[in-house]
Amino acid sequence: MSTKTKVRKLTGSKAMAEAIDIAMQEDKEVFVMGEDVAKYGGIFGSTTGLHEKYGDERIMDTPISETGFIGAAVGAAGEGMRPIVELMFVDFVGVVLDQIYNHIAKIPYMSGQAVKMPITLITAVGGGYSDAAQHSQCLYATFGHLPGMKVVAPTTPHDLKGMLLAAIRDDNPVVFMFHKTLQGLGWMDQIDASIGEVPDGDYIVPLDKAKVAREGTDVTIVGVQMMTVEALKAAKTLEKEGISCEVIDLRSIKPIDKETILASIGKTHRLLVVDEDYSAYGITSEIAALAAQEALYDLEAPVKTLAVPDVPIPYSRVLEKFVIPDENNIVSAVKKLMDS
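Small disclaimer: the values here were computed from a predicted structure and weren't measured.

Enquirer: Just to check I follow, could you spell out the nonpolar core for this structure?
Expert: Note that soluble globular proteins tend to have their nonpolar side chains buried in a common cluster. By size, the foremost hydrophobic cluster in this structure holds 75 residues, and its most contacted members are Tyr140, Phe143, Met177, Leu272, Ile330 and Val334. At seven residues, the largest contribution of residues to this core is made by helix α8 (residues 226-239). Both of domain 1 (9-197) and domain 2 (211-339) provide at least three residues apiece to this core. The residues touching Leu272, leaving out its near neighbours within four places in the chain, are Thr220, Ile221, Val222, Lys304, Thr305, Leu306, Ile330, Ala333, Val334 and Leu337. Among the nonpolar cores identified, the runner-up in size contains 40 residues, and Ile22, Met24, Ala38 and Ile84 belong to it.

Enquirer: Help me understand the packing of aromatic side chains in this model?
Expert: Two measures describe an aromatic ring pair: the distance that separates the ring centres and the angle between the ring planes. For the structure shown, the criterion picks out four aromatic pairs. Ring geometry for Phe44 versus Phe178: centroids 6.0 Å apart, planes at 65°, classification edge-to-face. With Phe44 in the loop between β2 (30-34) and α2 (50-54) and Phe178 in strand β7 (residues 174-179), this residue pair connects regions lying 134 residues apart in the sequence. Here the two residues Phe44 and Phe178 agree in accessibility, since each one is buried. Members of the aromatic cluster, joined through ring pairs, are Phe44, Phe89, Phe92, Phe178 and Trp187.

Enquirer: Explain the side chain of Arg58 here, please?
Expert: With respect to the secondary-structure elements, Arg58 resides in the loop between α2 and β3 (59-61). In terms of polar contacts, Arg58 uses its side chain to reach the backbone carbonyl oxygen of Met24, at 3.0 Å.

Enquirer: It is not clear to me how the sheet that holds β2 should be interpreted in this structure. Could you clarify?
Expert: In a beta sheet, neighbouring strands are held together by backbone hydrogen bonds and run either parallel or antiparallel to one another. The mixed open sheet is built from seven strands, whose spatial order is β3-β2-β4-β5-β7-β6-β12. Of all the strands in the sheet, just β3 and β12 (252-254) have a single pairing partner and so form its edges. Each neighbouring strand pair of the sheet contributes to a mean axis angle of 20°, computed without reference to strand direction. With three bridges connecting them, β2 and β3 associate as parallel partners. Bridge pairing in β3 links Gly34 to Asp61. Here helix α1 (residues 12-26) sits on the sheet in contact with β2, β3, β4 (82-89), β5 (120-125) and β7, set at roughly 135° to β2.

Enquirer: I tried to follow the packing of helix α9 (residues 258-268) against helix α10 (residues 283-294) on my own but got confused; where do I start?
Expert: For any two helices packed against each other, one specifies the inter-axial angle together with the distance between the axes. Viewed as axis vectors pointing N to C, α9 and α10 meet at an angle of 65°, and their least axial separation amounts to 11 Å. Considering how the two elements wind past one another, α9 and α10 form a crossing that is right-handed. For the pair α9 and α10, contact is made by Lys258, Ile261, Leu262 and Ile265 and by Ile287, Leu290, Ala291 and Glu294, respectively. Here the residues of the contact of α9 with α10 sort into six nonpolar, no polar and two charged.

Enquirer: Explanation requested: the domain arrangement of the protein in the structure shown.
Expert: How big an interface is tends to be stated in terms of accessible area lost as the parts join. We note that the domain assignment places domain 1 (9-197) and domain 2 (211-339) within the protein. Taken over C-alpha atoms, the centre of domain 1 sits 26 Å from the centre of domain 2. At the junction of the two partners, domain 1 supplies 36 residues and domain 2 supplies 26 residues. Taken together, both faces of the contact between domain 1 and domain 2 bury some 2300 Å²; the carbon and sulfur share is 54%. A per-residue breakdown of the area domain 1 buries against domain 2 is headed by Ser130, Tyr140 and Thr155, which together make up 25% of the total. Across the domain 1-domain 2 interface, the total number found is two salt bridges. Here Arg251 makes a salt bridge to Asp159, at a shortest N to O gap of 3.1 Å.

Enquirer: Would you explain helix α12 (residues 327-339) in this entry?
Expert: Along an α-helix, residues three or four apart share an orientation, since each turn contains 3.6 residues. Its 13 residues place the ends of α12 19 Å apart at the C-alpha level, agreeing with the 18 Å of an ideal helix rising 1.5 Å per residue. Those residues of α12 that fall on the buried side of the exposure criterion are Ile330, Val331, Ala333, Val334 and Leu337. Within α12, the buried residues cover an arc of 165° as seen down the axis, which keeps them to one side. Seen from the open side of α12, the exposed residues pointing more than 90 degrees away from its buried face are Asn328, Lys336 and Asp339. The elements touched by buried residues of α12 are β10 (219-223), α8, β11 (245-249), β13 (271-278) and β14 (304-308).

Enquirer: Just to check I follow, could you spell out the packing of helix α3 (residues 66-78) against helix α4 (residues 97-104) for this structure?
Expert: The interhelical angle for the contact between α3 and α4, taken along N-to-C directions, is 20°, at an axis separation of 9 Å. Judged by the angle between their axes, α3 and α4 are roughly parallel. Handedness of the crossing formed by α3 with α4: right-handed. Judged by residue contacts, Thr67, Ile70, Gly71 and Val74 of α3 engage Gln99, His103 and Ile104 from α4.

Cut-offs and rules
Residues numbered from 1 in each chain as written. Predicted model: local features only at pLDDT ≥ 70, side-chain atom pairs only at ≥ 80, totals over all residues. Heavy atoms only, no water. Core = buried A, V, L, I, M, F, W, Y, C linked by side-chain atoms within 4.5 Å. Buried < 20%, exposed > 50% of the residue type's maximum accessible area, 1.4 Å probe, protein only. Helix = DSSP H or I, 4+ residues; strand = E, 2+ residues; numbered from the N terminus. Domains from an automatic or database assignment. Contact = heavy atoms within 4.5 Å. Phe/Tyr/Trp six-rings, centres within 6.5 Å; stacked < 30°, edge-to-face > 60°. Polar contact = N/O pair within 3.5 Å; in protein donor to acceptor, adjacent residues only side chain to side chain. Pairing = 2+ DSSP bridges. Axes fitted to C-alpha atoms, helices over the stretch in contact; angles between N-to-C directions. Left-handed = near helix turned anticlockwise from the far one by under 90°. Nonpolar A, V, L, I, M, F, W, Y, C, P; charged D, E, K, R; others polar. Buried area = accessible area lost by both parts, 1.4 Å probe. Salt bridge = Lys/Arg side-chain N within 4 Å of Asp/Glu carboxyl O. Expected span 1.5 Å × (residues − 1). Arc of directions from axis to C-beta. Parallel < 35°, antiparallel > 145°, perpendicular 65-115°, else oblique.

Structure (structure tokens):
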């Protein structure tokens, strides 16, 4: 990237819209489908302003039928187009799982790579707004479990833009999970982490690399999206008590960047994994298993994990805050880990 590249501060939603705009200018086979993505600009702002520029044929509102329009994306991709298709909430995946894991994920393999599926499936994840059990999940591990797709969950506006551009250009299907809280929308409680420096113009961020968001020496904390944000806040608090935390923003759910995680464990010798997904069979378990299998003798204490208990996300704001890990939970877990 040129040193003369202009850097501005954008919200997550504007960073995503900019990425889609660049991809659509570059390639006429790129188009967007989904509910309220056209004139409304997307419920979470990721297509704002694009309908006015590209019209109905490339920014298409669809009926409320995920099975229909994600199925249409499969056909379009098979014919050489590059659909960006929005599943408004990740919670709705149940009605369209056959199209995703039996078609999008498997057609390239079953055709011997003769038929590619360059589909970018974008979907909103995360709680924090009393949206209750059917609109608040993350389900990172659900998609990570399925072979045949790349799965990413960027945190910063910089990475939202760069990883979305990389996803659209990739010949493999990519599930692109964006967190509602990190979109920087005015009708939500905007947080500082939802606004960040984003270079003007074209750049990509690799789809298979984690990022060391903060360097440290005493303990490694691996987080995803809002759990990275909470981990960074916890690291500042713990620094005042003499505990140095290295925070890794996972970014890529599948594949997991083993090298970055193992290198950090080799330096700090302690590991805490924090996730807004459910605890059982989740990313926390996957990374804990990685540490046990490939870094056991680097560890000076058992791996600790924090995640949502195995209950539906409550509607009650008090109960929702209770089940989703936050800065205080992370601080407490790190202190226990240091005492081990």
